[in-house]
Every structure is written in structure tokens, then in C-alpha cells.
Amino acid sequence: MPEPPPLFERSGERYLPTAASTSPWGEGLVGGAMISALLAHGVEERARRLPAAEGQEPLRPARLTVDLLRPVPGEALSLETTAVRAGRRLAAVDAVLSSGDRLLARARSLWLRPSEEPPGRVAALPEARRPGPGAVPADAPRPSRPFPDPWERRTLRPRGGPE
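Residues numbered from 1 in each chain as written. Predicted model: local features only at pLDDT ≥ 70, side-chain atom pairs only at ≥ 80, totals over all residues. Heavy atoms only, no water.

**Concerning the side chain of Ser-109**
Phase 1: Among the structural elements, Ser-109 can be located in strand β6 (residues 102-112).
Phase 2: Within the structure, Ser-109 has its side chain in polar contact with the backbone oxygen of Val-93 (distance 2.8 Å).
Phase 3: Of note is the side chain of Ser-109, whose polar atom sits 2.9 Å from the side chain of Trp-111.
Phase 4: Excluding its chain neighbours within four sequence positions, the residues that come into contact with Ser-109 are Val-43, Arg-63, Leu-64, Ala-91, Ala-92, Val-93 and Asp-94. (Helix = DSSP H or I, 4+ residues; strand = E, 2+ residues; numbered from the N terminus. Polar contact = N/O pair within 3.5 Å; in protein donor to acceptor, adjacent residues only side chain to side chain. Contact = heavy atoms within 4.5 Å.)

Spelled out as C-alpha cells, the structure:
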């Protein structure tokens, strides 16, 4: 399978959307999934640069929340990240996406460093009730896209619900 096209190209401190980041909702707009991917890239890069003590495991992402505040135009975008907290076991990193002086989207992320379980009784996860990805058929490709999706979608539907 050929390598999927890049969603953005970097030009100095800015990100330029490519045809692969086109939104299905409007001409000249960037899609929400692509915006989320760019924000995730930003917080991941910033979290990777946070200091760690020698021998410590790297931080792992625990949560990413993205707010799409207004339509994102297909023009040069600025991405700024901030380390809100950088502790021994927990870090919080925020990202802001803008064009000119317009705030377009933002993300908040929480990162955890693996460690040993505390002493005492540890809660067990409930038994999984959902099937694994192999048990869910792949969704049909979306013909309206100008290029094939670089990922495969599998949608869980309620039993007895609409197809």
C-alpha cells in the first residue's frame, strides 16, 4: 500500500494544509480529524521535550481533548504549545491553533509516567463487552473524497439498530 499523502507541510513555524486535509463540509476548509491530528502532533512533540530523570520511563498520553472553535481555513496555520504542568508522574500540555490573530482550535492533553502499583488492593477492569476490531466489518470507502482515506473505519452499531 502506498504511503498516504501528508496532511500538512511545515513552512518555518507555520503549517500549510495540503489537499489531503480538505474538509467534506466546505470548500477551502480543513477537516476536523486533520485539525485534531495536527494538535495531537503539537502536544506530543512538546511532551517529548519535557525533562525526565535518568532511567524514568517516557510519558504516555492519557487524554486528549480538542475544541474546534470555528471553521479552519486552508491557509497557513500557527501552532503554539504550552507545558501547563511537568511533574515527576504527570504532565499537562496545551496547544492552540490560529491563523493571524484568530483562535481556531485548541487542545488539552494529560500525560502519565508508568510506575508501580501502590500497595493494597487494586481495582480490576470490568470484563470487556465489545468485540475486537477483527470482529467488526470495515465501513465502505467514502466515494465523495478526492483521495482514498489513509485509515480504515470500523463503526460499532447497537444490536438491532439501523445499518
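**Things to note about the pattern of salt bridges**
Phase 1: Within the structure shown, the criterion is met by six salt bridges.
Phase 2: Among the salt bridges present, the one from Arg-48 reaches Glu-44, with a minimum N-O distance of 3.7 Å. Taken together, the residues span about one helical turn, with Arg-48 and Glu-44 both in helix α1 (residues 32-48) at a distance of four residues.
Phase 3: The class of Arg-48 is exposed, set by a relative accessible area of 54%.
Phase 4: On the basis of relative accessibility, which here comes to 37%, the residue Glu-44 falls in the partly exposed class. (Salt bridge = Lys/Arg side-chain N within 4 Å of Asp/Glu carboxyl O. Buried < 20%, exposed > 50% of the residue type's maximum accessible area, 1.4 Å probe, protein only.)

**With respect to the sheet that holds strand β4 (residues 77-86)**
Phase 1: In space, the six strands of this open sheet follow the order β1-β2-β4-β5-β6-β3, with antiparallel pairing throughout. Edge positions in the sheet fall to β1 (8-11) and β3 (60-68), since each has one partner strand and no second. Each strand of the sheet is rotated relative to its neighbour by a mean of 25°, with strand direction disregarded.
Phase 2: Sheet topology places strand β2 (residues 14-17) next to β4; two bridges connect them, and they run antiparallel. Bridge pairing links Arg-14 to Ser-78 in β4.
Phase 3: Across the sheet, α1 is in contact with β1, β2, β3, β4, β5 (90-99) and β6; its angle to β5 comes to roughly 135°. (Pairing = 2+ DSSP bridges. Axes fitted to C-alpha atoms, helices over the stretch in contact; angles between N-to-C directions.)

**Section: α1**
Phase 1: End to end, α1 covers 24 Å across 17 residues, agreeing with the expected 24 Å (1.5 Å per residue, within 8%).
Phase 2: Restricting attention to buried positions, one finds in α1 the residues Met-34, Ile-35, Leu-38, Leu-39, Gly-42, Val-43 and Ala-47.
Phase 3: At its buried positions, α1 is contacted by β1, β2, β3, β4, β5 and β6. (Expected span 1.5 Å × (residues − 1).)

**Digging into the environment of Arg-14**
Phase 1: Secondary-structure assignment places Arg-14 in strand β2.
Phase 2: Sequence-wise, Arg-14 and Glu-3 are eleven residues apart; in three dimensions their C-alpha atoms are separated by 23 Å.
Phase 3: Those residues in contact with Arg-14 that sit more than four places away from it in its chain are Glu-9, Ala-76, Leu-77 and Ser-78.

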